[in-house]
Amino acid sequence: MSDRASATDAEGDPTGSVGSRNTSGTTDDTDPFMSVRNLRTYYDERTVLSRDPPVKAVDGVSFDVYDGETLGLVGESGCGKTTLGRTLVGLESATGGTVEAEGTDVTNLSGNEQREWQRRVGMVFQDPEESLNDRQTVGESIREPLDAHDWPFLPVAVEGLPDATVSGKAVTAADSVGNGDSATNGETDGRTDITVRVDPADHEVSVREKLPLSRDDVEVSVDRDSATVSVTVEKSKREIRRDRVFDLLDRVGLNEEHYYRYPHQFSGGQRQRVGIARALALEPEFLVLDEPVSALDVSVQARIINLLEEIQDELGLTYLFIAHDLAVVRHIADRVAVMYLGSIAELGPAESVYTDPSHPYTLSLLSAIPGSGSPWSGERVQLRGTPPSPRDPPEGCPFATRCPAKIRPDDPDLDEETWRALDELRVVFRTRSRAEFSTLETIKGLVGAEVDPESVEEAVDDLLGDRNLPSDARETVDEAVDLAVHGNDDEAAALLRDAFGSRCDEEHPEAYQRGEGWQSRCLRHEAEYRDAPETIDTRERGDGF
Ligand code: SF4
């Protein structure tokens, strides 16, 4: 069990360890591809008429992504997974924090730098039906990012002729696309497409392997006296792009004739293949795969997962794989991050997190995996209710309103069901004070739809009516109800928190190291507490706390 000294700061290095993935899913000492620090993405919809606080979809997450790894991102729907993925690739604006790649914060890029980052990253969307334009042929869809970025860039490097000037048309004038582009000596996207090696007697030309361009398509003449290299590509950008699309279709298991078909002529699995081809078009290094198989038949899911793994191996890609299906993530991920209400609850090597979950939320998710695939040997851990609104997350641990292992005060001496009822009553008051939901909706969200209270008194009756509260505790509850009845819901909630709350209601836990590259944000990792699995097990058996 870790103690407090091993915790890392939320603003510091909360990533567990630093380095690139090795085969055990842990890390070596190298720089990550991407470092995310205290990232926040809020949706502020306040208007003159509405003063609702912003939706905190991503609320202070920090982690690293290493070259060539697959980082799984799991959690219930609405926890912020998709928003996080979209923020990393620049499809959403970050409200705060940083996403650093090679020392540059990519959340604030503009102009060419932004376009270059957009080229280096891509996204495969959940619903292939929605992500493709039905009025575009499949070929046009895959080609669209190539057109938008005016791909290929055709930078030319010259070796063996110092200070050479590169001139000439890299694209033939016969075509309307890319007409007149001058070849430049240097790299425009970190890569060189054409390399000219000059020696005193001759010169050699090579073309980057992954381009649909052969050596025969490139005309080069060298004038050593004037140190000038003239390059002409005898193939238009339009042709290169079309051939690139053919290559991509082939790579994802489709063929050239599919170029001219429309998305509605394809099955779900084929459409997802098109989505993958489109995401690969600009030769990205990093892909966010947002539930890429969730909308597909089970029989098709395995084929798409295999395809993604093959492509990753072949192209050396780095993946963020978002899913709510934990079994799928276990299969593909090297490391896994568990997200709850905009925060990362646990992050570590997939095998460690799956076989020995540390955080109560991870445990509850894993216990819900049906059959022998579940690593949890006890009963299924049922979470009550739904996650709180991301407009108004709990003040302490984000999981405190539903946690089956929540730390309880020593006094008063209550059973776990009564503690939960008191928690729920506090949430009712707190939510009423935000006027976001009615009492009825809040209660239903917390304990299911069986109760139908119409007033504060009724809510108290439903939650605490037949429970044996010590007289002091009962007096406190009565006082809180009186405050709420007179419209002071905030004070009522604060009174209950002061009387019945614990550290879980006050502190957003730091990241506690659980092993190499493995961390969990739960106060139960401190030495003075019993750990979460044991606590849950004990409570399930009704043996106290
Ligand atoms: S800090 Fe408390 S509420 Fe949060 S996960 Fe741990 S035990 Fe549960």
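What you see is a predicted model; the values in this text were computed from it and never measured.

Novice: When you look at the overall build of the chain in this model, what are you seeing that I'm missing?
Specialist: Scanning the chain from N- to C-terminus turns up 16 helices and 19 strands. Sequence-distant contacts in the chain: of pairs separated by 6 or more residues, those separated by 24 or more amount to 68%.

Novice: Can you walk me through the nonpolar core in this structure?
Specialist: The tendency in soluble globular proteins is for nonpolar side chains to be buried side by side. By size, the foremost hydrophobic cluster in this structure holds 91 residues, and its most contacted members are Leu 320, Phe 321 and Val 338. Apart from residues no more than four positions distant in its own chain, Leu 320 is found in contact with Val 65, Leu 71, Leu 73, Gly 85, Leu 88, Val 288 and Leu 289. Residues Ala 484, Ala 492, Ala 493 and Leu 496 belong to the second largest nonpolar core, which totals 21 residues.

Novice: Is there a simple way to think about the confidence of the model for the chain in this case?
Specialist: When pLDDT drops low, the exact placement of atoms in the prediction is not to be read closely. Predicted confidence across the chain gives a mean pLDDT of 85, with 84% of residues reaching 70 or more. A low-confidence stretch, residues 16-27 stays under pLDDT 50, and its non-local contacts, those more than four residues away or across chains, total 41 contacts. Contacts from residues 449-453, a stretch scored under 50 in pLDDT, to residues over four places away or in other chains number 10 contacts.

Novice: I tried to follow the environment of Leu 84 on my own but got confused; where do I start?
Specialist: Residue position: Leu 84 is located in helix α1 (residues 81-88). When the C-alpha atoms of Leu 84 and Arg 40 are compared, they prove to be 8.6 Å apart, with 44 residues separating the residues in sequence. When neighbours within four sequence positions are excluded, Leu 84 is seen to be in contact with Val 58, Val 61 and Leu 73.

Novice: I would appreciate a short explanation of the pairing of strand β4 (residues 70-74) in the present structure.
Specialist: Looking along a regular strand, one sees the side chains alternate between the two faces of the sheet. With 5 of its 5 residues buried, β4 lies for the most part within the structure. Of the two faces of β4, the one holding Thr 70, Gly 72 and Val 74 and the one holding Leu 71 and Leu 73 are both buried throughout. In this structure, β4 lies alongside strand β15 (residues 318-323), joined through 5 bridges in parallel fashion. Of the residues in β15, the one forming a bridge with Leu 73 is Ile 322. Sheet analysis places β4 next to strand β16 (residues 335-340), joined by 4 bridges and oriented parallel. For Val 74, the partnering residue across the bridge sits in β16 and is Val 338.

Cut-offs and rules
- In every chain, residue numbers begin from 1 and rise along the written sequence.
- At least 70 in pLDDT is required for a residue's local features to be given in this predicted model, at least 80 for side-chain atom pairs to be given and counted, and no such filter applies to totals for whole chains, interfaces and linings, which use all residues.
- Helix and strand definitions here come from DSSP, where helices need a minimum of 4 consecutive H or I residues and strands a minimum of 2 consecutive E residues; each element is numbered from the N-terminal end.
- Contact between residues is assigned whenever the C-beta positions, reconstructed from backbone atoms, fall within 7 Å.
- Buried Ala, Val, Leu, Ile, Met, Phe, Trp, Tyr and Cys residues whose C-beta atoms connect them within 7 Å together make up a nonpolar core.
- Counting other C-beta atoms within 10 Å of its own, a residue is labelled buried from 20 upward, exposed at 12 or fewer, and partly exposed in the gap between, with every C-beta atom placed from the backbone.
- Per-residue confidence from the predictor is reported as pLDDT, a score between 0 and 100.
- One requirement defines pairing of two strands: DSSP has to find at least two bridges between them.

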